[in-house]
Amino acid sequence: MYRLMDTGGNSLPSGADGTKRKVCYFYDPEVGNYYYGQGHPMKPHRMRMTHALLSQYGLLQNMHVLKPNPAREKDLCRFHADDYVSFLRRISPETQQDQMRQLKRFNVGEDCPVFDGLYNFCQTYAGGSIGGAVKLNHGHCDIAINWAGGLHHAKKCEASGFCYVNDIVLAILELLKTHEYVLISMWYVVLMQRVLYVDIDIHHGDGVEEAFYITDRVMTVSFHKFGDYFPGTGDIRDFGFGKGKYYALNVPLDDGIDDESYQSLFKPIISKVMEVFRPGAVVLQCGADSLSGDRLGCFNLSVKGHAECVRFMRSFNVPLLLLGGGGYTIRNVARCWCYETGVALGVEVDDQMPRHEYIEYYGPDYNLHVAPSNMENKNCRDMLEEIRAELLMNLSRLQHAPSVQFQERPPNTELPEVEEDEENKEERQHPDSNTNIDYRRNHAPSRVKVEYVESVANDKNDEGVDQLARKIQSTLEPTSSKGSMAAAEEDAMQRDELEKENSRTLIDEPTKIDQH
């Protein structure tokens, strides 16, 4: 059902290593059961459709398939406010009428409704993203995939745009735990882990950008529809503040952009970002609402054009976390994420779709790829060149990788303990579980082994990442609004005076965490 893919790109080695990557794939068979409500465009059922395609194309046997442990309350509170997480845990369709004030406060209602199992749903998709970050941190895979994640609009204290918990921010905080120490005589250079976040959803990745707007340890790059369109943020002139100045890039696009126009921006901008920022890990949000024909979208990308972004990010050979996101014509979402899983694995899947339980969704042609429409591309060449030139100019102002400084040599640390999911993997196999039943029924020719993975690493790491999260989040308002960025900037200016008195900040100084 597939063949090895002829891949090219920057830094991609030739030979077998040019196509093969060790891939971890996170999937909970229950995730497709959650239901936002009648008429709501967000349908978790698309994850089950995607998984069914992966199974029938034979892709599961080439990946390490993992069922994530649910994110714990303390994990969610690394970014989100305690009272907001507590509210999500308590609220239910039966009790919501008694909490109207809280619903309004946390922006839970029409776009972000209360439904059965809401908190468990948040735990599930966040657990997959955090678990993927843990696997990457430990070097257990080159690429981690969680198509249930990528909910980029959620804020510290409120839901937004169908998103309740920002699994992306939580995963990035996990990735930021990893430090690299280079000993030089009695001193050493500490190179703080840097994470690049790239967003190809049609909507601006506002929740992630806001969380890291004033730090140079995370660069956010968002390609999105800009104008009279949700969430209304993401102007090209919004490029970060304080230490984070020029570490936020926004690529505002208009209706009808096609594959060629999109890649004329994506590749030169990302190439420059990788050259200047030199991230230790990349998080790519693959929202499929930028595809042609999306129920809520207005772009004109093909599945192959969308997947070219995945292929290009993969070519840099940097640990890569692939997440889902938007996508509201669900048959096309499943097509896209199936094909992009093949790209991650370095295989080209056939266009003719195999028969499976959801085959009726793809009629009458039953093909994986769908031709773009003939809609007008309102992104003229001059506009694209102007955007590209301005963003490359901003990137040219970043001459060195950030957060590099000399420190006293730290004491030797003990080797980290063996991961629980590796040490006790046989004890945690569930041969009678629904997960394995599903794989045995759908997957040919061999049975796929499913493991359960801890959503976070050893708790010894918690103190370090908590300090980092508090530092980043101390500049955000308790509740998000259109003015939250301005509030963050004003707060940051006041903090600058205090920081001048200190030679080191929490973000810059090494934290007492395990090295992976």
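Please read these numbers as outputs of a predicted model, since none were measured by experiment.

Visitor: So what exactly am I meant to see when it comes to the overall build of the protein here?
Guide: In terms of regular secondary structure, the protein is built from 15 helices and 14 strands. Contacts in the protein between residues far apart in sequence, at least 24 positions, make up 80% of those at least 6 positions apart.

Visitor: What's the story with the UniProt feature "binding site: a divalent metal cation" (unreviewed entry) in the protein in this structure? I'm lost.
Guide: The UniProt feature table records "binding site: a divalent metal cation" (unreviewed entry) at Asp-201, His-203 and Asp-289. The largest pairwise C-alpha distance within this set of annotated residues, which runs over 89 residues, is 8.2 Å, so the set is compact in three dimensions. By secondary structure assignment, the location of Asp-289 is in the loop between strand 10 (281-285) and helix 9 (303-314). In this view, Asp-289 contacts Asp-201, Ile-202, His-203, Asp-294, Gly-297, Gly-326, Gly-327 and Tyr-328; residues no more than four positions away in its chain are not counted. A polar side-chain atom of Asp-289 sits 3.0 Å from the main-chain amide nitrogen of Ile-202.

Visitor: Teacher, can you tell me more about the packing of helix 9 against helix 10 (residues 330-345) here?
Guide: A pair of packed helices is captured by two measures, namely the crossing angle of their axes and the spacing between those axes. One way to put it is that helix 9 packs onto helix 10 with a least axis distance of 9 Å and a crossing angle of 30 degrees. By the criterion of interaxial angle, the relationship of helix 9 to helix 10 is roughly parallel. Two packed elements cross with a definite hand, and for helix 9 against helix 10 that hand is right-handed. Residues Val-303, Lys-304, His-306, Ala-307, Val-310, Arg-311 and Arg-314 of helix 9 pack against Arg-335, Cys-336, Tyr-339, Glu-340, Val-343, Ala-344 and Leu-345 of helix 10.

Visitor: Looking at this structure, how should I read a negative patch on the surface?
Guide: Judged by side-chain charge, Asp-382, Glu-385, Glu-386 and Glu-390 come together as a negatively charged surface patch. When you line up the elements, Asp-382 lands in helix 11 (residues 381-396). Accessibility expressed as a relative area gives 58% for Asp-382, which makes it exposed.

Visitor: Help me out: how do you make sense of unusual backbone geometry in this one?
Guide: Pro-231 follows Phe-230 through a cis peptide bond whose omega is 0 degrees. In this structure, the amide linkage connecting Gly-363 to the following residue, Pro-364, adopts the cis form with an omega of 5 degrees. Tracing the backbone through its elements, the reader meets Pro-364 in the loop between strand 12 (347-349) and helix 11. In this model, Tyr-246 sits at a positive phi of 75 degrees, which is unusual for a non-glycine residue. Turning to its location among the elements, Tyr-246 is positioned in the loop between strand 8 (218-225) and strand 9 (248-253). On the basis of relative accessible area, Tyr-246 is assigned to the buried category, the value being 15%. In the Ramachandran plot, Tyr-366 falls in the positive-phi region, its phi being about 60 degrees despite a non-glycine side chain. Its location among the elements puts Tyr-366 in the loop between strand 12 and helix 11. By relative accessible area, which is 32% here, Tyr-366 ends up partly exposed.

Visitor: So what exactly am I meant to see when it comes to the pattern of salt bridges here?
Guide: Opposite charge on two side chains makes pairing possible when the charged atoms of those side chains draw close. All told, the structure shown has 12 salt bridges when counted by the stated rule. Across the salt bridge formed by Lys-177 and Glu-174, the nearest N and O atoms sit 3.1 Å from each other. We classify Lys-177 as buried; its relative accessible area is 2%. Of the residues examined, Glu-174 reaches a relative accessible area of 1% and is grouped as buried. With a closest N to O distance of 2.9 Å, Glu-308 and Lys-267 form a salt bridge. With Glu-308 in helix 9 and Lys-267 in helix 8 (residues 259-277), this pair connects stretches of sequence that are 41 residues apart. Three or more residues are tied together by salt bridges with common partners; here these are Arg-72, Asp-75 and Arg-78.

Visitor: Teacher, can you tell me more about the UniProt feature "binding site: substrate" (unreviewed entry) in the protein here?
Guide: In the numbering adopted here, UniProt assigns the feature "binding site: substrate" (unreviewed entry) to Asp-111, Gly-161 and Tyr-328. Taking the farthest pair of C-alpha atoms as the criterion, the annotated set spanning 218 residues converges on one region, since that pair is 13.8 Å apart. Here Asp-111 is to be found in the loop between helix 4 (100-105) and helix 5 (118-137). Look past the residues within four positions of Asp-111 in its chain and what remains in contact with it is His-40 and Phe-162. Given a relative accessible area of 7%, Tyr-328 falls into the buried group. Once residues lying within four places of it in the same chain are set aside, the contact partners of Tyr-328 are Pro-41, Met-42, Phe-162, Asp-289, Asp-294, Arg-295, Leu-296 and Val-333.

Conventions we followed
- The numbers attached to residues start from 1 for each chain and follow its sequence in the written order.
- Side-chain atom pairs in this predicted model are given and counted only at pLDDT of 80 or more, local residue features only at pLDDT of at least 70, and totals for whole chains, interfaces and linings cover all residues.
- Computation of side-chain values: all heavy atoms of the structure, hydrogens and water removed.
- Each helix is a run of H or I in the DSSP string that is no shorter than four residues. Each strand is a run of E no shorter than two, and both are numbered from the N terminus.
- Whether two residues touch is decided by their heavy atoms; if any such pair falls within 4.5 Å, the residues are in contact.
- UniProt positions are given in the numbering used here, feature names are shortened, and annotations may be inferred rather than shown by experiment.
- Counting of polar contacts relies on pairs of N or O atoms within 3.5 Å, with two restrictions inside protein: one atom must be capable of donating a hydrogen and the other of accepting it, and residues adjacent in sequence are counted only when both atoms are side-chain atoms.
- For helices, the axis comes from a line fit to the C-alpha atoms of the stretch in contact; other axes are also lines fit to C-alpha atoms, and the angle between any two N-to-C directions lies between 0 and 180 degrees.
- Angular relationships are summarised with four words: roughly parallel below 35 degrees, roughly antiparallel beyond 145, roughly perpendicular across 65 to 115, and oblique for the angles in between.
- Here is the rule for handedness: rotate from the far helix to the near one, and if that takes an anticlockwise turn smaller than a right angle the crossing is left-handed, while a clockwise turn gives right-handed.
- Two joining distances apply to patches: 9 Å for like charges and 5 Å for nonpolar side chains (Val, Leu, Ile, Met, Phe, Trp, Tyr), and every residue must have over 30% relative accessible area and no salt bridge.
- Accessible surface area values rest on a Shrake-Rupley calculation with a 1.4 Å probe, where residue burial reflects the displayed protein chains alone.
- Here, a salt bridge means any Lys or Arg side-chain nitrogen found within 4 Å of an Asp or Glu carboxyl oxygen.
- Counting rule applied: Lys, Arg positive; Asp, Glu negative; His and chain ends not counted.
- Charged groups are reduced to one reference atom each: NZ for lysine, CZ for arginine, CG for aspartic acid, CD for glutamic acid.
- Residue burial is assigned from relative accessible area. The probe radius is 1.4 Å, only protein chains are included, and a residue is buried under 20% of its type maximum, exposed over 50%, and partly exposed in between.

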